[in-house]
Amino acid sequence: MVNCFKMQAATTASKVLGITVWLAAGVNVLSLISLIGYILAQGIPYLSWELFALEYTTQNVSLFPALVDTLLMVAVALSLAAPIGIGTAIYFVEYAKKGNKFVSIMDMTTDTLAGIPSVVYGLFGLLFFVIYLQMGYSLLAGACTVAIMILPMIIRTTEEALQAVPISYREESYALGANKLRTVLVVVLPAAVPGILAGIILSIGRIMGETAALVYTAGTVAQLPEDLFSSGRSLAVHLYVLASEGLFMEQAFATAVVLVIITVIINGASTWMAGKLMRGN
Amino acid sequence: MNLQKDKFFRNSFFCIAFVSVVAVVMICSFLFVGGMPALEKIGVMKFLLGTRWRPSSELYGILPMILGSMYVTMCALIFGVPIGILTAIFMARFCPRKLYRFFKPIVELMAGIPSVIYGFFGLVVLVPLVRDNFGGTGSSLLTAALLLGIMILPTIVTVAEAALRAVPESYYEGALALGADHVRSVFFTIVPAAKSGLVAAIILGLGRAVGETMAVIMVAGNQARMPQGLLEGVRTMTTNIVIEMGYATDLHYDALIATALVLFLFIVLLNLSFAYFKGGMFGNG
């Protein structure tokens, strides 16, 4: 960055500190590369078409039903959380008055939601959705639980995207005679779409990788679901069960590969989307 | 007429925004209502300070798990904080622009990798590594701390980088003008000025480590006894819930909810202190 004064003679202490900083950054890269590299190298040989068989049997621990469960839960959770999350962000950015006591309380609760560990969400999902609302161990209960969990993520990313839209857009819209709602929905929101999508893609990743919140809400049944009220394990739960049983380590490695690849793709897509927002403005 | 319409939509958006408040209130009340009976029956002090967790003989003391969580988290911070803060300093002040374009996505990817993948990596790589180099079974406090140390890096790096970037450029330039070199200017003016934000980053990392479940379950051994040492197994509050929830009934079941309640209060406390330090950051009033 601002390295134009680098020419000055550096003392030994400065040199050592400078090198330490580079080393620390190296540790990050190294740990990520070794994690992904190891899982890919060990797991790819075990990827086979049988793992994507329609049915899960004790001979062939297919991950296909888990994949279907995961996608179903992502779809349901997003259709619940996305409208609420985006609406909340619109309220925060476009309507709420700065400095209002109540608004800052709402802001705090969003931070609180973001900080709650997934196992606590899981327990709440069990107490509320599974038992109190009598959904039983079901995809629906799991989806509702993770929907609350990803809410803060969607709110925060949408907020950022809305704030990135220049004030002049809004002023010009008012000048043309549009009212507040029209301005928000027709002018501001479309301009913020890439940023909002980037956040939604990230939350898809969060759901895909969730385990602790789903074990006691969606359950661990490994067969294809009949409807949203059947129990089913997500891909991450599938990996956890296989790895902790220790009987199908090869399949566990293959499942880990699938999860890692999905994560990489999702993160890439999100970064690409966020980049589009930056270029757009 | 238009004004009335505007008011209507303002109120509708307010109602939507209110959902997250309702969610927090419901999570609180369900945990309190679910956990209170156990606290009453067992006794708060006996529950919090009891050193034995043996549901089969009606002994419910969660001190082993509280200490387990604390030790694992503290050790994880010993690994994670120096590396995380230094990496943030690297990204904010040392990283060439071209390298940054690769580096930022790497940190984001680290944050996006599911905890069960970290856990699996810990199980197949770190556990044997610790077993072969330090002895013991490998499933230990040390292994869990190493793994958590890696897992909290992206959290610490992201928040700390934002804190460092919020320091006004004039601080850096002033130090240069006084004759300090680049490294000194960064470490002796920017870093101290960003102190509040750096503490916030550490607290957020701490919260992440305390709340982590699946990765810890797979590498920590999970014995429900007082922590015995770095190379012995430990059980944390989070893992206690997941391991026993499947078959717990009656008082045992309530005691697990009470464990979650204690964990929740821990996290809320951390969040409050995070908000406090974040408020002290540049650009945040």
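If you're wondering where the values come from, they're calculated on a predicted model, not measured in any experiment. (Residues numbered from 1 in each chain as written. Chains lettered and ligands numbered in written order. Predicted model: local features only at pLDDT ≥ 70, side-chain atom pairs only at ≥ 80, totals over all residues. Heavy atoms only, no water.)

## Quick word on the overall build of chain A
- In terms of helices and strands, chain A carries 9 helices and 0 strands.
- The N-to-C order of helical and strand elements in chain A reads α-α-α-α-α-α-α-α-α.
- Counting only C-alpha atoms, chain A reaches 65 × 60 × 35 Å along its principal axes.
- Here chain A, with 281 residues, has 54% of them falling under the buried criterion.
- Taking all contacts inside chain A whose residues are at least 6 apart in sequence as the whole, residues at least 24 apart take part in 73%.
- A total of about 12400 Å² of accessible surface is found on chain A, and carbon and sulfur atoms cover 68% of it.
- Across chain A, the mean location of the 13 positive side-chain charges is 17 Å away from that of the 15 negative side-chain charges. (Helix = DSSP H or I, 4+ residues; strand = E, 2+ residues; numbered from the N terminus. Buried < 20%, exposed > 50% of the residue type's maximum accessible area, 1.4 Å probe, protein only. Contact = heavy atoms within 4.5 Å. Areas by Shrake-Rupley, 256 points an atom, 1.4 Å probe, with all protein chains shown as cover. Lys, Arg positive; Asp, Glu negative; His and termini not counted. Charge placed at Lys NZ, Arg CZ, Asp CG, Glu CD.)

## Thoughts on the domain arrangement of chain B
Residues and elements named next belong to chain B.
- In terms of domain boundaries, chain B breaks down into domain 1 (2-47) and domain 2 (64-279).
- Each of domain 1 and domain 2 has a C-alpha centre, and these two points are 28 Å apart.
- Taken as a group, Leu31, Phe32 and Phe47 account for 44% of the area that domain 1 buries against domain 2, more than any other trio of residues on that side.
- Linking domain 1 with domain 2 are 0 salt bridges.
- Counting every contact that joins domain 1 to domain 2 gives 0 residue pairs in polar contact (both at pLDDT 80 or more).
- A per-class count over the side of domain 1 that touches domain 2 returns 9 nonpolar, 2 polar and 1 charged. (Domains from an automatic or database assignment. Buried area = accessible area lost by both parts, 1.4 Å probe. Salt bridge = Lys/Arg side-chain N within 4 Å of Asp/Glu carboxyl O. Polar contact = N/O pair within 3.5 Å; in protein donor to acceptor, adjacent residues only side chain to side chain. Nonpolar A, V, L, I, M, F, W, Y, C, P; charged D, E, K, R; others polar.)

## Some remarks on the domain arrangement of chain A
Residues and elements named next belong to chain A.
- Partitioning chain A into structural domains gives domain 1 (12-46) and domain 2 (50-280).
- If you average the C-alpha positions of domain 1 and of domain 2, the two centres end up 29 Å apart.
- Facing 8 residues of domain 1, the contacting portion of domain 2 comprises 9 residues.
- Buried surface at the junction of domain 1 and domain 2, summed over both partners, amounts to about 710 Å²; 89% is from carbon and sulfur atoms.

## Concerning a nonpolar patch on the surface
- There is a patch of nonpolar side chains on the surface, built from Phe102 and Ile105 of chain A together with Phe18 and Val22 of chain B and spanning about 310 Å² of accessible area.
- Secondary structure elements with two or more residues in the nonpolar patch: α3 (101-115) of chain A together with α1 (2-42) of chain B.
- Examined against the element boundaries, valine 22 of chain B turns out to sit in helix α1.
- Using a relative accessible area of 37% as the deciding quantity, one classes valine 22 of chain B as partly exposed. (Patch = residues over 30% accessible without salt bridge, like charges linked within 9 Å, V, L, I, M, F, W, Y side chains within 5 Å.)

## Points about the state of the cysteines
- Applying the stated criterion to the full structure yields 0 disulfides over all chains.
- Among the cysteines around cysteine 144 of chain A, which has no disulfide bond, cysteine 28 of chain B carries the closest sulfur, lying 20 Å off.
- Under the relative-accessibility criterion, cysteine 144 of chain A is labelled buried at 11%. (Disulfide = S-S within 2.5 Å.)

## Observations regarding the pattern of salt bridges
Residues and elements named next belong to chain B.
- Taken as a whole, this structure holds 10 salt bridges over all chains when the rule is applied.
- Across the pair arginine 93 and glutamate 169 runs a salt bridge, and its minimum N-O distance is 3.0 Å. Here glutamate 169 lies in helix α8 (residues 169-177) and arginine 93 lies in helix α3 (residues 63-94), a separation of 76 residues in the sequence.
- For glutamate 161, the salt bridge is made with arginine 165, and the minimal N-O distance between the two is 2.9 Å. Remark: arginine 165 and glutamate 161 occur in helix α7 (residues 153-165); sequence separation between them is 4 residues, near one turn of the helix.
- On the accessibility criterion, arginine 165 (39% relative accessible area) is partly exposed.

## Examining the confidence of the model for chain A
- Summarising the model, chain A shows a mean pLDDT of 88, and 95% of its residues fall at 70 or more.
- Note on residues 4-8 of chain A: pLDDT is under 50 here. Beyond four places in sequence and across chains, it has 4 contacts. (pLDDT = per-residue confidence, 0-100.)

## Side note on the packing of α3 of chain A against helix α13 (residues 250-279) of chain B
- Direction vectors running N to C along α3 of chain A and α13 of chain B enclose 125°, while the axes themselves pass 10 Å from each other. Comparing the axis directions of α3 of chain A and α13 of chain B gives the class oblique. In this structure, the crossing between α3 of chain A and α13 of chain B has a hand that is right-handed. From α3 of chain A, Met108, Asp111, Thr112 and Gly115 of chain A reach across to α13 of chain B, where they touch Ile267, Val268, Asn271, Leu272, Ala275 and Lys278 of chain B.
- Its residues assigned to classes, the contact of α3 of chain A with α13 of chain B comprises 5 nonpolar, 3 polar and 2 charged. (Axes fitted to C-alpha atoms, helices over the stretch in contact; angles between N-to-C directions. Parallel < 35°, antiparallel > 145°, perpendicular 65-115°, else oblique. Left-handed = near helix turned anticlockwise from the far one by under 90°.)

## Some thoughts on the interface of chain B and chain A
- Contact with chain B, which involves 83 residues of that partner, is made by 80 residues of chain A.
- Between chain B and chain A lies a buried interface of about 7300 Å² when both sides are counted; carbon and sulfur atoms form 79% of it.
- Three residues, Phe13, Phe30 and Phe120 of chain B, lead the burial of chain B against chain A; their summed loss comes to 9% of the area buried on that side.
- At the boundary of chain B and chain A, one finds 1 salt bridge.

## Re the side chain of threonine 112 of chain A
- With respect to the secondary-structure elements, threonine 112 of chain A resides in helix α3.
- Threonine 112 of chain A gets classed as buried once you look at its relative accessible area, which sits at 13%.

## Notes on the side chain of glutamate 159 of chain A
- Here glutamate 159 of chain A shows up in helix α5 (residues 139-164).
- Contact partners of glutamate 159 of chain A, with chain neighbours within four places excluded, come to Ala89, Phe92 and Val93 of chain A.

## Overview of the packing of aromatic side chains
- Within this structure, the stated rule accounts for 22 aromatic pairs over all chains.
- Here the aromatic cluster, defined as three or more aromatic residues joined through ring pairs, consists of Tyr91, Phe92 and Phe102 of chain A together with Phe14 and Phe18 of chain B.
- Sitting above the plane of the tyrosine 95 of chain A ring, lysine 180 of chain A keeps its charged end 5.2 Å from the centroid.
- Directly above the ring of tyrosine 172 of chain B sits arginine 93 of chain B, whose terminal nitrogen or CZ lies 4.8 Å from the centroid. (Phe/Tyr/Trp six-rings, centres within 6.5 Å; stacked < 30°, edge-to-face > 60°. Lys NZ or Arg CZ within 6 Å of the ring centre and 35° of its normal.)

## A short note on unusual backbone geometry
All names here are of chain B.
- In this structure, glutamate 58 takes a positive phi of about 60° despite not being glycine.
- For glutamate 58, the location among the structural elements is in the loop between β1 (53-54) and β2 (59-60).
- The class for glutamate 58 is exposed, based on a relative accessible area of 55%.
- One non-glycine residue, aspartate 250, lies in positive phi territory at about 45°.
- Assignment of secondary structure puts aspartate 250 in helix α13.
- Residue classification places aspartate 250 among the exposed residues on the basis of a relative accessible area of 63%.

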